[in-house]
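Tertiary structure, described
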Amino acid sequence: NSMVLPAALSPSPKVRGTHPDCSVVLHFQKREAECLERIRGESQTPALPGQEGCPTEWDGVSCWLALPLGQSRAVACPDIPHVFKKSKGLIQRNCTESGWSLPSPPYHSACQLEILGSNNDTEAKACHFVTMKVLYTCGYSTSLAALLLAIGIFSCFRKLHCTRNSIHIHFFTSFILRGTAVFIKDGVLFSDESIDHCTMSTVTCKAAIAFFQYSVLANFYWLLVEGLYLQTLLLLTFTCERSYTCGYTLVGWGVPMVTVGVWVLTRLRYDNHGCWDDYSSLYWWVIKAPILLAIFVNFLIFLNVTRMLAQKIRCPDLSRAHKQQYLRLTKSTLLLIPLFGVHYVVFALFPEHVGVDARLYFELVLGSYQGFLVALLYCFLNGEVQAEIRRNWGKWQRSMESNVFNLATQDFTA
C-alpha cells in the first residue's frame, strides 16, 4: 500500500483561550469545525464511478482526509504541549473495503500523555480556589461597606463639601463599581456549573467583562486624578480657588469610557470569540496600555510630589503649621500610588501564564481589600473628618440632653 503524508503534520496554530484547559477544548473544537466543513463540501460533490474510497472523517482527535481504496494515511499527535508529550510517532489508518481501519498504534500508545496531577492534587487545587473566592468575597464585601459609609460621611457633613472630598467620593465610587463588577462577573460566568465556560459567548457575558474592564480602568484613572490634584495644590501653594472638577471628571470617567468603547468595537470587529476574558489576545493591550500609562504618570507625580514636599519642609521660612498641613495632605496619596501600581507593573512585564497563582492572589485577595484601605486613609483616619464627626456628635448629645431636660421640666411643671 502506498502512504500519503498530508500537510496536516505541521504544528497547528495555538488557539487562544482563557485557561490552558480551555485552550485544549478550543483546539479540538476548531479542528473539528474545519473537518466538518470539509465533509460538507465533499458531500455536495458525489464521487465518480471507479473512485470509491474512504470519505473524510473526524474521529474526535484528528481529521482523516478522504483516501482512495487500498491506500494509507498517517498523522502526527496533536501539538498541545499541556496534554501530549512531543512524540515523533505517527498514527496510521488504512482505507479498506469496509471503511477506515482502527488507528495503529492507538492514540494512547503513540501520543504519551503528560503526567497529570492525582485526584488529591485536583481536590487540593479546587479547595484552594474555593478558599480564595471566600477570601476575596469577604474582602470586597468589607470594602463596599466601608466605602458606602465613607461616601455617606462626606455627603452628610456640609463642612466636608469641597473639591478634594468630591474627588475622594468619585474614587470611592470607582472601587464600588469594581467590587460590584467582580460579583456580577462571578454570577454570570460561574453561576451554573453545566455551562461550558470555554465556549461561552453570550451578550450578557461580554457585557459583564466590559463593565469589569471599565471599572478597573476608572479605578486607576481616579487614582491618577488624586495624584494630579495633589500636585496642583502643591504647585499653586493652596492659593488657587478655581475648581477643575469637570476636567477631573472627564479624565476619571471619560478616558475609561472611550478606552473600553474602542476595545469593545475592536473585539466585535476582529476578535469576537469566547467571553472576551482571555488576556493572550493582542487586543488586550487596548486596555492594558492605558492602565500602564496611568501608573507611569502617577509614578512620575509620586517622585515630583516627594521632591516638592522635601523642599517645602526644609524651607526655613515655612511655619510648623504649614509643614503639618503639607504632610497631612500628601501622606495618603503618596502611600496609595506605589501600593496600587507596583504589583501591576511587575506582572505586566511577564506573560499572562507566568505566576498565575501569585497574580490571582494579589489581584483578587489583596486587591479586594484596597477599597477598605482607601476608605480608611481618606476618611476614617482623616483628622478633618474625625473633628467634624466629634463636633456633630457633641452637638447631637447637647441637643438630646436639652430635649430631655425640657421634657423633665414640662413633666415637673405639669
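None of these values were measured; they are calculated from a predicted model.

1. A word on the pairing of strand β6 (residues 72–76)
Regular strands place side chains that alternate from one sheet face to the opposite one. For β6, a buried count of four out of five residues is recorded, marking the element as mostly surrounded by other parts of the structure. One ladder, built from five bridges, connects β6 with strand β7 (residues 90–96); its direction is antiparallel. Bridged to Ala-74 within β7 is Gln-92.

2. Side note on the environment of Arg-178
In this fold, Arg-178 is placed in helix α4 (residues 163–190). Taking the C-alpha atoms as reference, Arg-178 lies 8.9 Å from Tyr-140; in sequence the two are 38 residues apart. When residues no more than four places from it in sequence are discounted, the contact partners of Arg-178 are Tyr-140, Ser-215, Val-216, Asn-219, Phe-220 and Gln-370.

3. Brief notes about the state of the cysteines
In the structure shown here, the tally under the stated rule is three disulfides. Cys-35 shares a disulfide with Cys-63; S-S distance 2.1 Å. On the sign convention where negative is left-handed, the bridge of Cys-35 and Cys-63, at about 75° about the S-S bond, is right-handed. One end of the pair, Cys-35, is in helix α1 (residues 20–43); the other, Cys-63, is in strand β4 (residues 63–64), with 28 residues separating them in the sequence. Here Cys-35 matches Cys-63 in class, with each residue buried.

4. With respect to the UniProt feature "transmembrane region" (unreviewed entry) in the protein chain
The positions UniProt marks with the feature "transmembrane region" (unreviewed entry) are residues 134–155, 167–184, 220–238, 250–270, 282–305, 326–349 and 361–381. As annotated, residues 250–270 has a helix share of 100% and a strand share of 0%, and its two end C-alpha atoms lie 28 Å apart.

5. Quick word on the packing of helix α5 (residues 203–236) against helix α6 (residues 245–270)
Where α5 meets α6, the closest approach of the two axes is 8 Å, and the angle between their N-to-C directions is 150°. Between α5 and α6, the angle falls in the class roughly antiparallel. Viewed along their axes, α5 and α6 form a crossing whose handedness is right-handed. Contact residues: Ile-209, Ala-210, Gln-213, Tyr-214, Leu-217, Ala-218, Tyr-221, Trp-222, Val-225, Leu-228, Tyr-229 and Thr-232 in α5; Tyr-248, Thr-249, Val-251, Gly-252, Trp-253, Val-255, Pro-256, Met-257, Thr-259, Val-260, Trp-263 and Val-264 in α6.

6. Quick look at the packing of α4 against α5
In contact at an axis separation of 8 Å, α4 and α5 are set at 160° when each is read in the N-to-C sense. Regarding the angle of α4 to α5, the classification is roughly antiparallel. Of the two elements, α4 crosses α5, and the hand of that crossing is left-handed.

7. Details of a nonpolar patch on the surface
A cluster of nonpolar residues, Leu-293, Phe-296, Phe-299, Leu-300 and Leu-303, forms a patch on the protein surface that exposes about 490 Å² of accessible area. Counting through the fold element by element, Leu-300 comes out in helix α7 (residues 285–314). Residue classification places Leu-300 among the partly exposed positions, given a relative accessible area of 43%.

8. Let's talk about α5
The end-to-end C-alpha separation of α5 is 48 Å, in line with the 50 Å expected for 34 residues at 1.5 Å each. Judged by how many residues are buried, α5 sits mostly within the fold: 26 of 34 residues are covered.

9. Here's the deal with the pattern of salt bridges
Enumeration over the complete set of coordinates arrives at six salt bridges. For Arg-40, the salt bridge is made with Glu-37, and the minimal N-O distance between the two is 2.7 Å. Placement of both Arg-40 and Glu-37 in helix α1 is noted, with a separation of three residues, approximately one turn of the helix. On the basis of relative accessible area, Arg-40 is assigned to the partly exposed category, the value being 45%.

10. Let's talk about the packing of aromatic side chains
Enumeration according to the criterion identifies 12 aromatic pairs in this entry. Ring centres 6.3 Å apart and planes at 80° place the aromatic pair Tyr-136 and Tyr-140 in the edge-to-face group. Of this pair, Tyr-136 and Tyr-140 both sit in helix α3 (residues 119–156), separated by four residues, roughly a single helical turn. Each member of the pair, Tyr-136 as well as Tyr-140, carries the same accessibility label: buried. Between Tyr-214 and Trp-253 the ring centres are 6.4 Å apart and the planes differ by 25°, which places this aromatic pair in the stacked class. With a gap of 39 residues between them, Tyr-214 in helix α5 and Trp-253 in helix α6 connect regions that are remote in the sequence. The same class applies to Tyr-214 and to Trp-253, which are both buried. Aromatic rings pair up to connect Tyr-136, Tyr-140 and Phe-183 into one cluster.

Conventions used here
Residues numbered from 1 in each chain as written. Predicted model: local features only at pLDDT ≥ 70, side-chain atom pairs only at ≥ 80, totals over all residues. Heavy atoms only, no water. Buried < 20%, exposed > 50% of the residue type's maximum accessible area, 1.4 Å probe, protein only. Helix = DSSP H or I, 4+ residues; strand = E, 2+ residues; numbered from the N terminus. Pairing = 2+ DSSP bridges. Contact = heavy atoms within 4.5 Å. Disulfide = S-S within 2.5 Å. UniProt positions renumbered as here; feature names shortened; annotations may be inferred. Axes fitted to C-alpha atoms, helices over the stretch in contact; angles between N-to-C directions. Parallel < 35°, antiparallel > 145°, perpendicular 65-115°, else oblique. Left-handed = near helix turned anticlockwise from the far one by under 90°. Patch = residues over 30% accessible without salt bridge, like charges linked within 9 Å, V, L, I, M, F, W, Y side chains within 5 Å. Areas by Shrake-Rupley, 256 points an atom, 1.4 Å probe, with all protein chains shown as cover. Salt bridge = Lys/Arg side-chain N within 4 Å of Asp/Glu carboxyl O. Expected span 1.5 Å × (residues − 1). Phe/Tyr/Trp six-rings, centres within 6.5 Å; stacked < 30°, edge-to-face > 60°.

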